[in-house]
Amino acid sequence: MTPRIEGRVLRRGDYRYENLRREACWHAGVPDRYPELIVLANNEDDVVGAVELARREGLQIAVRSGGHSWSASHLRDGTVLIDLSNLRHVTVDRDAMTGTAQPGIKGSELSSMLAGQGLFFPTGHCSGVSLGGYLLQGGFAWAGRDYGPACMSVTGIDAVTAAGEQVHADETENPDLFWAARGAGPGFFAVVTRFYVKLYPRMRVTMNSSYFWPASAAYEVYRFVHEIGRRTPTEINLLCSRDPMTDGEPLIALNATAFTDTEEEAREQLSVYESCPARAQALTTRLNEVTDTGTLSRFGTDPHYDETKRYLADNMWTHASFDDLWPNFEEMLKTWPPAPSHLVLFNWGGHEGQPPRPSMAYSVEDELYYALYSAWTDPADDKKYTRWVTDHMRAWEPYASGIQLADENLINRPYRFVTDENLRRLDDLRAAWDPDGMFVSWLGRPAGCSTGAEGTAL
Ligand SMILES: Cc1cc2nc3c(=O)[nH]c(=O)nc-3n(C[C@H](O)[C@H](O)[C@H](O)COP(=O)(O)OP(=O)(O)OC[C@H]3O[C@@H](n4cnc5c(N)ncnc54)[C@H](O)[C@@H]3O)c2cc1C
(Lines give C-alpha, C1' and ligand atoms only; values in the text may rest on other atoms or scores of the structure.)
Protein backbone atom coordinates (compact mmCIF):
# COMPACT_ATOMS: atom_id res chain seq x y z
CA MET A 1 0.00 0.00 0.00
CA THR A 2 1.28 3.51 -0.83
CA PRO A 3 2.19 5.37 2.38
CA ARG A 4 -0.42 7.93 3.38
CA ILE A 5 0.95 11.46 2.99
CA GLU A 6 -1.24 14.55 3.45
CA GLY A 7 1.20 17.04 1.92
CA ARG A 8 2.09 17.35 -1.75
CA VAL A 9 4.24 14.69 -3.36
CA LEU A 10 5.89 15.67 -6.63
CA ARG A 11 7.79 13.31 -8.88
CA ARG A 12 10.62 14.49 -11.12
CA GLY A 13 9.02 15.81 -14.32
CA ASP A 14 5.69 16.68 -12.65
CA TYR A 15 4.18 20.11 -13.14
CA ARG A 16 5.67 22.43 -10.44
CA TYR A 17 8.46 19.96 -9.56
CA GLU A 18 11.18 22.22 -10.98
CA ASN A 19 9.76 25.30 -9.24
CA LEU A 20 9.83 23.49 -5.91
CA ARG A 21 13.33 22.13 -6.52
CA ARG A 22 14.59 25.63 -7.28
CA GLU A 23 12.74 27.18 -4.34
CA ALA A 24 14.40 24.61 -2.10
CA CYS A 25 17.71 26.46 -2.59
CA TRP A 26 17.72 30.04 -1.28
CA HIS A 27 20.08 31.50 -3.93
CA ALA A 28 20.19 31.41 -7.75
CA GLY A 29 23.08 28.94 -8.01
CA VAL A 30 20.81 25.88 -7.82
CA PRO A 31 23.01 22.83 -8.49
CA ASP A 32 22.19 20.26 -11.17
CA ARG A 33 21.14 17.65 -8.62
CA TYR A 34 17.63 16.23 -8.90
CA PRO A 35 15.64 14.43 -6.19
CA GLU A 36 13.33 11.79 -7.67
CA LEU A 37 10.52 12.88 -5.36
CA ILE A 38 9.81 15.97 -3.27
CA VAL A 39 7.51 15.51 -0.27
CA LEU A 40 6.15 18.71 1.27
CA ALA A 41 5.44 17.41 4.76
CA ASN A 42 2.38 18.84 6.53
CA ASN A 43 3.00 17.08 9.82
CA GLU A 44 5.15 14.47 11.56
CA ASP A 45 3.13 11.56 10.16
CA ASP A 46 3.95 12.80 6.67
CA VAL A 47 7.64 12.51 7.54
CA VAL A 48 7.09 8.88 8.56
CA GLY A 49 5.21 8.35 5.29
CA ALA A 50 8.06 9.95 3.30
CA VAL A 51 10.63 7.65 4.91
CA GLU A 52 8.44 4.63 4.04
CA LEU A 53 8.06 5.94 0.50
CA ALA A 54 11.84 6.23 0.12
CA ARG A 55 12.28 2.61 1.21
CA ARG A 56 9.56 1.41 -1.12
CA GLU A 57 11.12 3.26 -4.09
CA GLY A 58 14.70 2.26 -3.20
CA LEU A 59 15.72 5.90 -2.82
CA GLN A 60 17.87 7.72 -0.28
CA ILE A 61 16.58 10.58 1.88
CA ALA A 62 17.61 14.23 1.94
CA VAL A 63 16.05 16.84 4.23
CA ARG A 64 15.32 20.52 3.81
CA SER A 65 14.10 22.94 6.48
CA GLY A 66 14.91 26.47 5.27
CA GLY A 67 17.07 25.68 2.24
CA HIS A 68 19.84 28.03 3.41
CA SER A 69 22.66 25.56 2.96
CA TRP A 70 25.11 27.46 0.73
CA SER A 71 26.03 24.25 -1.08
CA ALA A 72 22.37 23.08 -1.26
CA SER A 73 23.47 19.91 0.47
CA HIS A 74 19.80 18.85 0.57
CA LEU A 75 19.50 18.70 -3.23
CA ARG A 76 20.74 15.23 -4.16
CA ASP A 77 20.23 12.84 -7.02
CA GLY A 78 18.39 9.61 -6.33
CA THR A 79 16.58 10.86 -3.23
CA VAL A 80 13.25 11.65 -1.69
CA LEU A 81 13.64 15.27 -0.57
CA ILE A 82 11.61 15.74 2.62
CA ASP A 83 10.75 19.41 2.78
CA LEU A 84 9.94 20.56 6.32
CA SER A 85 9.36 24.23 5.60
CA ASN A 86 5.70 23.86 6.70
CA LEU A 87 6.63 22.45 10.12
CA ARG A 88 6.71 25.76 11.99
CA HIS A 89 4.99 25.28 15.35
CA VAL A 90 6.52 27.03 18.37
CA THR A 91 5.63 26.82 22.09
CA VAL A 92 6.99 28.93 24.93
CA ASP A 93 6.86 28.14 28.65
CA ARG A 94 7.87 31.43 30.22
CA ASP A 95 7.91 30.10 33.77
CA ALA A 96 10.16 27.17 32.92
CA MET A 97 12.21 29.31 30.46
CA THR A 98 11.91 26.54 27.88
CA GLY A 99 10.27 26.14 24.51
CA THR A 100 9.81 23.88 21.53
CA ALA A 101 10.27 24.82 17.89
CA GLN A 102 9.78 22.93 14.68
CA PRO A 103 12.59 23.01 12.11
CA GLY A 104 10.84 25.11 9.44
CA ILE A 105 10.59 28.22 11.62
CA LYS A 106 13.17 30.89 10.81
CA GLY A 107 15.51 32.06 13.54
CA SER A 108 14.48 35.68 12.96
CA GLU A 109 10.79 34.74 13.38
CA LEU A 110 11.51 32.93 16.63
CA SER A 111 13.57 35.86 17.85
CA SER A 112 10.72 38.34 17.19
CA MET A 113 8.20 36.09 18.97
CA LEU A 114 10.47 35.86 22.01
CA ALA A 115 11.40 39.56 22.06
CA GLY A 116 7.76 40.47 22.79
CA GLN A 117 8.03 38.43 26.00
CA GLY A 118 11.46 39.72 27.03
CA LEU A 119 13.03 36.37 26.08
CA PHE A 120 16.04 35.43 24.00
CA PHE A 121 17.34 32.46 22.05
CA PRO A 122 20.70 32.60 20.23
CA THR A 123 19.55 32.78 16.60
CA GLY A 124 21.74 33.49 13.56
CA HIS A 125 22.77 36.82 12.07
CA CYS A 126 20.51 36.70 9.00
CA SER A 127 16.76 36.66 8.56
CA GLY A 128 16.13 33.69 6.27
CA VAL A 129 17.88 30.81 8.03
CA SER A 130 15.61 28.11 9.50
CA LEU A 131 16.21 26.36 12.77
CA GLY A 132 16.51 22.85 11.26
CA GLY A 133 19.85 23.12 9.50
CA TYR A 134 21.08 25.92 11.77
CA LEU A 135 20.77 24.00 15.05
CA LEU A 136 22.01 20.69 13.67
CA GLN A 137 25.29 22.19 12.43
CA GLY A 138 25.96 24.21 15.61
CA GLY A 139 24.50 27.68 15.26
CA PHE A 140 26.71 30.77 15.23
CA ALA A 141 24.47 33.36 16.85
CA TRP A 142 24.00 36.90 18.00
CA ALA A 143 25.62 37.01 21.45
CA GLY A 144 26.80 33.50 20.70
CA ARG A 145 30.04 34.04 22.58
CA ASP A 146 27.98 34.24 25.79
CA TYR A 147 25.79 31.19 25.10
CA GLY A 148 28.09 29.01 22.99
CA PRO A 149 26.95 27.50 19.69
CA ALA A 150 23.14 27.55 19.67
CA CYS A 151 22.96 23.74 19.74
CA MET A 152 24.15 24.01 23.36
CA SER A 153 20.74 25.48 24.13
CA VAL A 154 18.96 22.46 22.63
CA THR A 155 17.87 20.04 25.36
CA GLY A 156 16.15 17.41 23.23
CA ILE A 157 14.74 16.52 19.83
CA ASP A 158 11.87 14.55 18.34
CA ALA A 159 13.00 12.71 15.24
CA VAL A 160 11.92 10.17 12.64
CA THR A 161 14.56 7.51 12.14
CA ALA A 162 15.62 5.59 9.04
CA ALA A 163 13.32 2.80 10.25
CA GLY A 164 10.39 5.24 10.11
CA GLU A 165 10.03 5.34 13.89
CA GLN A 166 9.22 8.49 15.84
CA VAL A 167 11.67 8.82 18.74
CA HIS A 168 12.64 11.36 21.37
CA ALA A 169 16.30 11.97 22.20
CA ASP A 170 17.86 13.93 25.05
CA GLU A 171 20.58 13.45 27.69
CA THR A 172 18.85 10.35 29.11
CA GLU A 173 16.72 8.93 26.28
CA ASN A 174 18.62 7.92 23.13
CA PRO A 175 21.58 10.05 24.30
CA ASP A 176 23.79 9.02 21.37
CA LEU A 177 21.28 10.37 18.82
CA PHE A 178 21.06 13.57 20.87
CA TRP A 179 24.88 13.81 20.94
CA ALA A 180 24.97 13.57 17.14
CA ALA A 181 22.14 16.09 16.67
CA ARG A 182 24.30 18.77 18.24
CA GLY A 183 26.88 19.23 15.47
CA ALA A 184 26.45 16.57 12.74
CA GLY A 185 24.75 19.16 10.49
CA PRO A 186 24.10 17.86 6.96
CA GLY A 187 25.57 14.52 8.06
CA PHE A 188 22.72 13.85 10.52
CA PHE A 189 21.00 10.50 9.97
CA ALA A 190 17.39 11.10 11.06
CA VAL A 191 14.74 13.78 10.46
CA VAL A 192 14.31 16.24 13.32
CA THR A 193 10.68 17.29 13.62
CA ARG A 194 10.95 19.30 16.86
CA PHE A 195 13.65 20.90 18.99
CA TYR A 196 13.31 21.37 22.77
CA VAL A 197 15.23 24.48 23.79
CA LYS A 198 16.34 26.60 26.74
CA LEU A 199 15.27 30.24 26.69
CA TYR A 200 17.05 33.16 28.35
CA PRO A 201 16.07 36.57 29.66
CA ARG A 202 16.77 39.18 26.97
CA MET A 203 19.66 41.52 27.82
CA ARG A 204 18.32 45.04 28.38
CA VAL A 205 20.73 46.84 26.07
CA THR A 206 22.04 46.06 22.59
CA MET A 207 24.43 48.82 21.50
CA ASN A 208 26.37 49.02 18.27
CA SER A 209 29.30 51.07 17.00
CA SER A 210 30.33 51.02 13.34
CA TYR A 211 33.49 52.27 11.69
CA PHE A 212 34.11 52.35 7.92
CA TRP A 213 37.58 52.42 6.37
CA PRO A 214 39.10 52.30 2.88
CA ALA A 215 41.09 49.17 2.07
CA SER A 216 44.31 51.10 2.66
CA ALA A 217 43.59 50.79 6.41
CA ALA A 218 42.96 47.03 6.21
CA TYR A 219 46.27 45.86 7.69
CA GLU A 220 46.01 48.07 10.78
CA VAL A 221 42.33 47.35 11.37
CA TYR A 222 42.61 43.55 11.04
CA ARG A 223 45.74 43.48 13.17
CA PHE A 224 43.91 45.44 15.88
CA VAL A 225 40.91 43.10 15.76
CA HIS A 226 43.17 40.05 16.06
CA GLU A 227 44.77 41.65 19.14
CA ILE A 228 41.62 42.65 21.02
CA GLY A 229 39.19 40.03 19.67
CA ARG A 230 39.66 37.60 22.48
CA ARG A 231 39.60 40.01 25.39
CA THR A 232 36.73 42.37 24.44
CA PRO A 233 33.28 41.26 25.69
CA THR A 234 31.76 42.89 22.57
CA GLU A 235 30.92 40.93 19.44
CA ILE A 236 32.95 41.97 16.40
CA ASN A 237 31.72 41.60 12.84
CA LEU A 238 34.45 42.91 10.54
CA LEU A 239 33.31 42.90 6.94
CA CYS A 240 35.14 43.64 3.69
CA SER A 241 33.20 44.14 0.44
CA ARG A 242 33.03 46.47 -2.53
CA ASP A 243 30.89 49.48 -1.62
CA PRO A 244 29.67 52.77 -3.13
CA MET A 245 31.26 54.62 -0.16
CA THR A 246 34.67 53.73 -1.62
CA ASP A 247 33.57 54.13 -5.27
CA GLY A 248 33.12 50.39 -5.66
CA GLU A 249 36.51 49.52 -4.16
CA PRO A 250 36.71 47.25 -1.08
CA LEU A 251 35.46 48.90 2.11
CA ILE A 252 36.25 47.67 5.63
CA ALA A 253 33.24 47.89 7.97
CA LEU A 254 33.74 47.17 11.65
CA ASN A 255 30.49 46.47 13.51
CA ALA A 256 30.94 46.02 17.23
CA THR A 257 27.97 45.08 19.41
CA ALA A 258 27.67 45.12 23.19
CA PHE A 259 24.95 43.07 24.94
CA THR A 260 24.64 44.48 28.47
CA ASP A 261 22.28 45.50 31.28
CA THR A 262 23.02 49.21 31.15
CA GLU A 263 23.87 51.74 28.44
CA GLU A 264 26.81 52.94 30.51
CA GLU A 265 28.33 49.44 30.55
CA ALA A 266 27.78 49.10 26.78
CA ARG A 267 29.46 52.45 26.07
CA GLU A 268 32.38 51.46 28.27
CA GLN A 269 32.76 48.14 26.41
CA LEU A 270 32.61 49.85 23.01
CA SER A 271 35.16 52.53 23.92
CA VAL A 272 38.01 50.13 23.07
CA TYR A 273 37.46 50.72 19.34
CA GLU A 274 38.45 54.36 19.69
CA SER A 275 41.99 53.10 20.34
CA CYS A 276 42.26 51.40 16.93
CA PRO A 277 45.50 52.67 15.33
CA ALA A 278 43.56 53.30 12.10
CA ARG A 279 40.91 55.41 13.91
CA ALA A 280 41.92 58.66 12.18
CA GLN A 281 41.57 57.09 8.74
CA ALA A 282 37.89 56.15 9.25
CA LEU A 283 35.69 57.57 6.50
CA THR A 284 32.66 57.67 8.76
CA THR A 285 31.45 56.23 12.07
CA ARG A 286 28.17 55.55 13.87
CA LEU A 287 28.92 55.32 17.56
CA ASN A 288 27.04 53.87 20.53
CA GLU A 289 23.67 53.38 18.83
CA VAL A 290 21.04 51.58 20.89
CA THR A 291 19.52 48.95 18.62
CA ASP A 292 18.29 45.33 18.52
CA THR A 293 19.39 42.21 16.69
CA GLY A 294 16.48 42.39 14.21
CA THR A 295 17.61 45.86 13.08
CA LEU A 296 21.24 44.75 12.95
CA SER A 297 20.23 41.84 10.70
CA ARG A 298 18.00 43.91 8.43
CA PHE A 299 20.44 46.76 7.84
CA GLY A 300 23.80 45.18 8.61
CA THR A 301 23.95 41.58 7.44
CA ASP A 302 20.90 40.88 5.21
CA PRO A 303 21.92 43.32 2.42
CA HIS A 304 24.96 41.10 1.70
CA TYR A 305 22.73 38.13 0.86
CA ASP A 306 20.91 38.66 -2.44
CA GLU A 307 18.85 35.64 -3.49
CA THR A 308 19.06 36.61 -7.17
CA LYS A 309 22.83 35.93 -7.13
CA ARG A 310 24.77 32.66 -7.23
CA TYR A 311 26.85 32.08 -4.08
CA LEU A 312 29.75 30.08 -2.77
CA ALA A 313 30.88 30.17 0.87
CA ASP A 314 33.94 28.82 2.67
CA ASN A 315 35.45 29.46 6.08
CA MET A 316 38.00 28.70 8.77
CA TRP A 317 38.58 28.83 12.50
CA THR A 318 41.95 30.29 13.45
CA HIS A 319 44.04 31.83 16.23
CA ALA A 320 46.79 32.93 13.81
CA SER A 321 48.51 36.28 14.00
CA PHE A 322 47.20 38.60 11.30
CA ASP A 323 50.74 38.98 9.94
CA ASP A 324 50.49 35.35 8.79
CA LEU A 325 47.17 35.95 7.05
CA TRP A 326 48.03 39.31 5.48
CA PRO A 327 49.89 38.18 2.29
CA ASN A 328 46.89 36.16 1.07
CA PHE A 329 44.46 38.90 2.12
CA GLU A 330 46.52 41.51 0.28
CA GLU A 331 46.25 39.37 -2.87
CA MET A 332 42.50 39.02 -2.38
CA LEU A 333 42.06 42.80 -2.16
CA LYS A 334 43.54 43.14 -5.67
CA THR A 335 40.96 40.81 -7.26
CA TRP A 336 37.88 41.23 -5.06
CA PRO A 337 34.73 39.87 -6.80
CA PRO A 338 31.66 42.07 -7.38
CA ALA A 339 29.36 43.16 -4.53
CA PRO A 340 27.88 41.65 -2.44
CA SER A 341 30.85 39.20 -2.28
CA HIS A 342 32.48 39.63 1.11
CA LEU A 343 34.77 38.40 3.86
CA VAL A 344 33.60 38.42 7.48
CA LEU A 345 35.69 38.06 10.60
CA PHE A 346 34.05 37.35 13.95
CA ASN A 347 35.74 37.12 17.33
CA TRP A 348 34.55 33.98 19.12
CA GLY A 349 36.51 31.78 21.51
CA GLY A 350 38.79 32.07 24.48
CA HIS A 351 37.12 35.00 26.23
CA GLU A 352 36.17 35.18 29.89
CA GLY A 353 32.67 33.95 30.67
CA GLN A 354 32.54 31.48 27.80
CA PRO A 355 30.27 28.62 28.94
CA PRO A 356 31.84 25.14 29.26
CA ARG A 357 31.04 22.82 26.34
CA PRO A 358 29.04 19.61 26.94
CA SER A 359 29.88 16.39 25.11
CA MET A 360 28.43 16.86 21.63
CA ALA A 361 29.40 16.23 18.02
CA TYR A 362 30.18 19.95 17.56
CA SER A 363 33.82 20.04 18.60
CA VAL A 364 35.94 22.38 16.49
CA GLU A 365 36.12 26.06 17.46
CA ASP A 366 38.82 28.70 17.81
CA GLU A 367 39.38 32.33 18.77
CA LEU A 368 38.50 33.83 15.41
CA TYR A 369 36.16 32.87 12.59
CA TYR A 370 36.72 33.91 8.96
CA ALA A 371 34.08 33.28 6.29
CA LEU A 372 34.48 34.19 2.63
CA TYR A 373 31.52 34.50 0.22
CA SER A 374 31.54 35.19 -3.48
CA ALA A 375 28.36 36.28 -5.25
CA TRP A 376 27.89 36.52 -9.01
CA THR A 377 25.19 36.49 -11.68
CA ASP A 378 26.39 34.69 -14.80
CA PRO A 379 26.59 30.85 -14.67
CA ALA A 380 29.59 31.17 -17.03
CA ASP A 381 31.48 32.60 -14.02
CA ASP A 382 30.80 29.59 -11.77
CA LYS A 383 34.31 28.18 -12.07
CA LYS A 384 36.02 31.55 -11.73
CA TYR A 385 34.36 32.53 -8.45
CA THR A 386 34.33 29.03 -7.04
CA ARG A 387 38.10 29.00 -7.52
CA TRP A 388 38.51 32.48 -6.11
CA VAL A 389 36.95 31.49 -2.80
CA THR A 390 38.30 27.95 -2.64
CA ASP A 391 41.90 28.83 -3.57
CA HIS A 392 42.08 31.76 -1.15
CA MET A 393 40.76 29.65 1.71
CA ARG A 394 43.18 26.88 0.76
CA ALA A 395 46.05 29.38 0.98
CA TRP A 396 45.07 29.98 4.63
CA GLU A 397 44.97 26.28 5.52
CA PRO A 398 48.36 26.35 7.33
CA TYR A 399 46.75 28.75 9.83
CA ALA A 400 43.33 27.06 10.13
CA SER A 401 42.25 24.81 12.98
CA GLY A 402 39.08 23.68 11.22
CA ILE A 403 35.89 24.86 9.56
CA GLN A 404 32.30 25.41 10.54
CA LEU A 405 29.55 23.48 8.73
CA ALA A 406 27.47 26.70 8.66
CA ASP A 407 29.47 27.97 5.68
CA GLU A 408 30.85 24.68 4.37
CA ASN A 409 32.44 24.21 0.95
CA LEU A 410 33.10 20.49 1.51
CA ILE A 411 32.44 19.59 -2.10
CA ASN A 412 35.40 21.68 -3.31
CA ARG A 413 37.58 21.84 -0.18
CA PRO A 414 36.91 19.09 2.36
CA TYR A 415 38.33 20.15 5.74
CA ARG A 416 38.13 19.14 9.39
CA PHE A 417 34.71 20.13 10.81
CA VAL A 418 34.63 17.96 13.96
CA THR A 419 37.47 16.26 15.83
CA ASP A 420 38.71 12.97 14.33
CA GLU A 421 37.35 11.12 17.36
CA ASN A 422 33.91 12.66 16.91
CA LEU A 423 33.92 11.90 13.19
CA ARG A 424 34.58 8.23 13.96
CA ARG A 425 31.80 8.22 16.54
CA LEU A 426 29.41 9.83 14.05
CA ASP A 427 30.27 7.10 11.53
CA ASP A 428 29.58 4.41 14.14
CA LEU A 429 26.28 5.99 15.14
CA ARG A 430 25.24 6.36 11.51
CA ALA A 431 25.91 2.65 10.98
CA ALA A 432 23.75 1.82 14.02
CA TRP A 433 20.85 4.23 13.36
CA ASP A 434 20.85 4.02 9.58
CA PRO A 435 22.28 0.59 8.69
CA ASP A 436 20.88 0.68 5.13
CA GLY A 437 22.39 4.11 4.36
CA MET A 438 19.01 5.75 3.79
CA PHE A 439 20.21 9.27 4.64
CA VAL A 440 22.62 11.17 2.42
CA SER A 441 25.64 12.58 4.22
CA TRP A 442 28.11 15.50 3.95
CA LEU A 443 29.07 16.50 0.42
CA GLY A 444 32.74 15.89 1.24
CA ARG A 445 35.01 14.72 4.06
CA PRO A 446 38.49 15.72 5.26
CA ALA A 447 41.43 13.87 3.66
CA GLY A 448 42.09 10.49 5.24
CA CYS A 449 38.41 10.04 6.16
CA SER A 450 37.07 8.59 2.98
CA THR A 451 33.81 6.97 4.11
CA GLY A 452 30.67 8.37 2.65
CA ALA A 453 31.92 11.46 0.78
CA GLU A 454 29.44 12.47 -1.88
CA GLY A 455 29.20 15.11 -4.57
CA THR A 456 31.24 16.43 -7.47
CA ALA A 457 33.46 19.49 -7.28
CA LEU A 458 33.45 22.14 -9.97
C1 LIG B 1 22.21 34.12 4.13
C2 LIG B 1 22.71 33.12 5.14
C3 LIG B 1 23.05 33.53 6.40
C4 LIG B 1 23.51 32.62 7.35
N5 LIG B 1 23.80 33.05 8.62
C6 LIG B 1 24.20 32.16 9.54
C7 LIG B 1 24.49 32.56 10.89
O8 LIG B 1 24.41 33.72 11.25
N9 LIG B 1 24.88 31.60 11.76
C10 LIG B 1 24.99 30.29 11.40
O11 LIG B 1 25.32 29.46 12.25
N12 LIG B 1 24.72 29.90 10.16
C13 LIG B 1 24.35 30.80 9.23
N14 LIG B 1 24.11 30.38 7.95
C15 LIG B 1 24.29 28.96 7.63
C16 LIG B 1 23.04 28.18 7.95
O17 LIG B 1 22.82 28.14 9.34
C18 LIG B 1 23.18 26.73 7.47
O19 LIG B 1 23.34 26.71 6.08
C20 LIG B 1 21.96 25.91 7.86
O21 LIG B 1 22.18 24.59 7.49
C22 LIG B 1 20.72 26.44 7.22
O23 LIG B 1 19.61 25.84 7.78
P24 LIG B 1 18.32 25.62 6.86
O25 LIG B 1 17.38 24.77 7.63
O26 LIG B 1 17.85 26.90 6.34
O27 LIG B 1 19.03 24.82 5.69
P28 LIG B 1 18.70 23.53 4.81
O29 LIG B 1 19.41 23.83 3.55
O30 LIG B 1 17.24 23.27 4.75
O31 LIG B 1 19.39 22.38 5.57
C32 LIG B 1 20.78 22.17 5.52
C33 LIG B 1 21.07 20.73 5.84
O34 LIG B 1 20.72 20.45 7.18
C35 LIG B 1 20.09 19.18 7.29
N36 LIG B 1 18.75 19.40 7.86
C37 LIG B 1 18.02 20.52 7.81
N38 LIG B 1 16.91 20.37 8.52
C39 LIG B 1 16.92 19.12 9.01
C40 LIG B 1 16.04 18.37 9.85
N41 LIG B 1 14.94 18.92 10.34
N42 LIG B 1 16.37 17.08 10.13
C43 LIG B 1 17.50 16.52 9.64
N44 LIG B 1 18.39 17.19 8.88
C45 LIG B 1 18.09 18.48 8.57
C46 LIG B 1 20.02 18.59 5.91
O47 LIG B 1 21.07 17.64 5.81
C48 LIG B 1 20.28 19.74 5.00
O49 LIG B 1 21.04 19.35 3.88
C50 LIG B 1 23.64 31.27 6.98
C51 LIG B 1 23.32 30.84 5.71
C52 LIG B 1 22.85 31.76 4.79
C53 LIG B 1 22.51 31.31 3.40
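Keep in mind that what you see is a predicted model, and the values were worked out from it rather than measured.

Chemist: Tell me about the side chain of glutamate 408, and name the residues and values.
Modeler: Along the chain, the position of glutamate 408 falls in the loop between strand 19 (400–402) and helix 12 (420–433). Summary of buried charges: glutamate 408 has no salt-bridge partner, and the nearest side chain of opposite charge, arginine 76, is 6.9 Å away. Only 3.0 Å separates the side chain of glutamate 408 from the backbone nitrogen of leucine 410, close enough to count as a polar contact. Residues contacting glutamate 408, with those up to four places away along its chain left out, are Ser69, Ser71, Ser73, Ala313, Asn315 and Ile403.

Chemist: Outline the nonpolar core, listing residues and values.
Modeler: Membership of the largest hydrophobic core comes to 110 residues, with the highest contact counts inside it found for Phe188, Trp213, Tyr222, Phe329 and Leu343. With sequence-adjacent residues up to four places away left out, leucine 343 is seen in contact with Tyr222, Leu238, Leu239, Cys240, Phe329, Met332, Trp336, Tyr370, Ala371, Leu372 and Trp396. In this structure, Trp26, Trp348, Tyr369 and Ala371 belong to the second largest nonpolar core, which totals 19 residues.

Chemist: Break down the domain arrangement of the chain for me, citing the residues and quoting the values.
Modeler: Examined at the domain level, the chain breaks down into domain 1 (9–83), domain 2 (90–201) and domain 3 (205–407). Taking the mean C-alpha position of each, domain 1 and domain 3 sit 33 Å from one another. On the side of domain 3, 11 residues touch domain 1, which itself brings five residues to the contact. If you look at where domain 1 meets domain 3, you find zero salt bridges. Between the two partners, domain 1 and domain 3, sit four residue pairs in polar contact (both at pLDDT 80 or more). Considering only residue class, the side of domain 1 that touches domain 3 consists of three nonpolar, two polar and no charged.

Chemist: Describe unusual backbone geometry, and please don't skip the residues or the numbers.
Modeler: Looking along the chain, the bond that leaves alanine 339 and enters proline 340 is cis, with omega of 5°. Along the chain, proline 340 turns up in the loop between helix 10 (322–334) and strand 17 (342–347). One non-glycine residue with positive phi stands out, namely asparagine 174, at about 45°. Checked against the element boundaries, asparagine 174 lands in the loop between strand 9 (166–170) and helix 6 (175–181). The backbone of aspartate 247 sits at a positive phi, close to 55°, despite the residue not being glycine. Tracing the backbone shows aspartate 247 in the loop between strand 13 (235–242) and strand 14 (250–260).

What counts as what
Residues numbered from 1 in each chain as written. Predicted model: local features only at pLDDT ≥ 70, side-chain atom pairs only at ≥ 80, totals over all residues. Heavy atoms only, no water. Helix = DSSP H or I, 4+ residues; strand = E, 2+ residues; numbered from the N terminus. Buried < 20%, exposed > 50% of the residue type's maximum accessible area, 1.4 Å probe, protein only. Lys, Arg positive; Asp, Glu negative; His and termini not counted. Salt bridge = Lys/Arg side-chain N within 4 Å of Asp/Glu carboxyl O. Polar contact = N/O pair within 3.5 Å; in protein donor to acceptor, adjacent residues only side chain to side chain. Contact = heavy atoms within 4.5 Å. Core = buried A, V, L, I, M, F, W, Y, C linked by side-chain atoms within 4.5 Å. Domains from an automatic or database assignment. Nonpolar A, V, L, I, M, F, W, Y, C, P; charged D, E, K, R; others polar.

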